[in-house]
Amino acid sequence: MSRGGGKGLSLKDKLDGNELDLSLCDLNEVPVRELAALPKATVLDLSCNNLVSLPSDFCSLLHLVKLDLSKNRLQQLPVDFRLNNRLVPLPVSFAQLKNLKWLDLKDNPLDPVLAKVAGDCLDEKQCKQAAVKVLQHMKAIQSEQDRQRQRKLQAEREMEKKREAEQRAKEAQERELRKREKAEEKERRRREYDAQKAAKQMEKKPKKETVQTRKPASGSRPPQPSRHKHSSWSRSVLRVLLFLLFCVLCTLAACKLTELHRQPLCISVNTLYEDVLAALQNHKTLQNMLQHNSQQ
């Protein structure tokens, strides 16, 4: 058979044990005669071809146990098409046969649920109803499997998120542990530093005390702050008195040597000066003090 019409393709080259793989062969029709000559091929894969229909003699392939017709362009099945083999379940992909109008599943040890759904196929009406009911049943199974698959994926995602959260928590704990260990190590070094610093201060302290105890032994006389304070106060008083005396002398000089001597103020000052001078001359004690100060 050729890929388009039937000749030139060796089926024996495609046979592997009891499996015959004719998928992706660009077939337009099924090589029924060649398949009948290979009763050993109980598993037949005709997927991914260009099949639009099955020939009427396809039902003569009674040795088939498993048949894959997916990804073709099938629009109808033979009127007397019967899967009188040993089929128990149908593949979920059977739900994709949206244009299936006729189905006869007699003479197969079907699953009890599937057999009840399919019912009998004794006339055209029953076979058409079987096609509709089986397609609905397979679609329900497919939807349930999809939901299970979604739940499984959701559970896997949640498990993955949980593992990631646990990993993040573990990493956070490790970081916190490292941080705490680092802080403890820093505190330990700080205490060691403080202890070393305190020890150095204790070593330096006796030397200072020794120096302080040696200073009195040098024989130098301790300072006398009271005398120094008294002497400074005396000098300050003397400076004030000298300044006042200078001011008085300047006033007297202005009142005696200038024309201001006629002013009432100068007259009073001159009179006061003469009275004070007379009193000072008569006071011997003050004269002696003035003489002593002049000698100094």
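Please read all numbers here as calculations on a predicted model, not as lab measurements.

**Notes on the pattern of salt bridges**
Next, step 1: On inspection of all chains with the given rule, the structure shows 11 salt bridges.
Next, step 2: With its nearest N and O atoms 2.7 Å apart, the salt bridge here joins R147 to E144. Here E144 and R147 lie together in helix α3 (residues 124–214), a separation of 3 residues that amounts to about one turn.
Next, step 3: Residue classification places E144 among the partly exposed residues on the basis of a relative accessible area of 29%.
Next, step 4: For E185, the salt bridge identified is with R189, shortest N-O distance 3.7 Å. Here R189 and E185 lie together in helix α3, a separation of 4 residues that amounts to about one turn.
Next, step 5: Through salt bridges with shared partners, one network takes in E185, R188, R189 and E192.

**Digging into the nonpolar core**
Next, step 1: By size, the foremost hydrophobic cluster in this structure holds 19 residues, and its most contacted members are L20, L22, V30, L35, L46 and F58.
Next, step 2: Discounting residues that sit within four places of it in the chain, L46 has contacts with L22, L27, V30, L51, F58, L67, D68, L69, S70 and N72.
Next, step 3: Core analysis: the next-biggest nonpolar cluster, separate from the first, contains 13 residues, F94, L100, L114 and L135 among them.

**With respect to the side chain of N49**
Next, step 1: When you line up the elements, N49 lands in the loop between β3 (43–45) and β4 (66–68).
Next, step 2: Only 3.1 Å separates the side chain of N49 from the backbone oxygen of S47, close enough to count as a polar contact.
Next, step 3: Discounting chain neighbours no more than four positions away, the residues touching N49 are L22, S23, L24, C25, D26, L27, K71 and N72.

**Describing unusual backbone geometry**
Next, step 1: Phi is positive for L24, close to 60°, though the residue is something other than glycine.
Next, step 2: By the element assignment, L24 lies in the loop between β2 (19–21) and α1 (32–36).
Next, step 3: Classification of L24 by relative accessible area gives exposed; the value is 67%.
Next, step 4: Phi at D26 takes a positive value of approximately 55°, unusual for a residue other than glycine.
Next, step 5: Take D26: it is sitting in the loop between β2 and α1.
Next, step 6: Judged by its relative accessible area of 44%, D26 falls in the partly exposed class.

Calculation rules
Numbers given for residues are sequential positions, taken from 1 along each chain in its written order. Whole-chain, interface and lining totals are the exception, using all residues; otherwise, since this is a predicted model, local features are given only for residues with pLDDT of at least 70 and side-chain atom pairs are given and counted only at 80 or more. Each side-chain value is worked out from all heavy atoms of the structure, with water and hydrogens disregarded. Definition used for salt bridges: Asp or Glu carboxyl oxygen within 4 Å of a side-chain nitrogen of Lys or Arg. Segments assigned H or I by DSSP are reported as helices when at least four residues long, segments assigned E as strands when at least two residues long, and all are numbered from the N terminus. Only protein chains enter the accessibility calculation, which uses a 1.4 Å probe; a residue is then buried when its area is under 20% of its type maximum, exposed when over 50%, and partly exposed in between. As used in this record, nonpolar core signifies buried Ala, Val, Leu, Ile, Met, Phe, Trp, Tyr and Cys residues forming a set joined through side-chain atoms within 4.5 Å. Should any heavy atoms of two residues lie within 4.5 Å, those residues are counted as being in contact. For the purposes of these results, a polar contact is taken to be a pair of N or O atoms within 3.5 Å, where, inside protein, one atom must be able to donate a hydrogen and its partner to accept one; residues adjacent in sequence count only when each atom of the pair is a side-chain atom.

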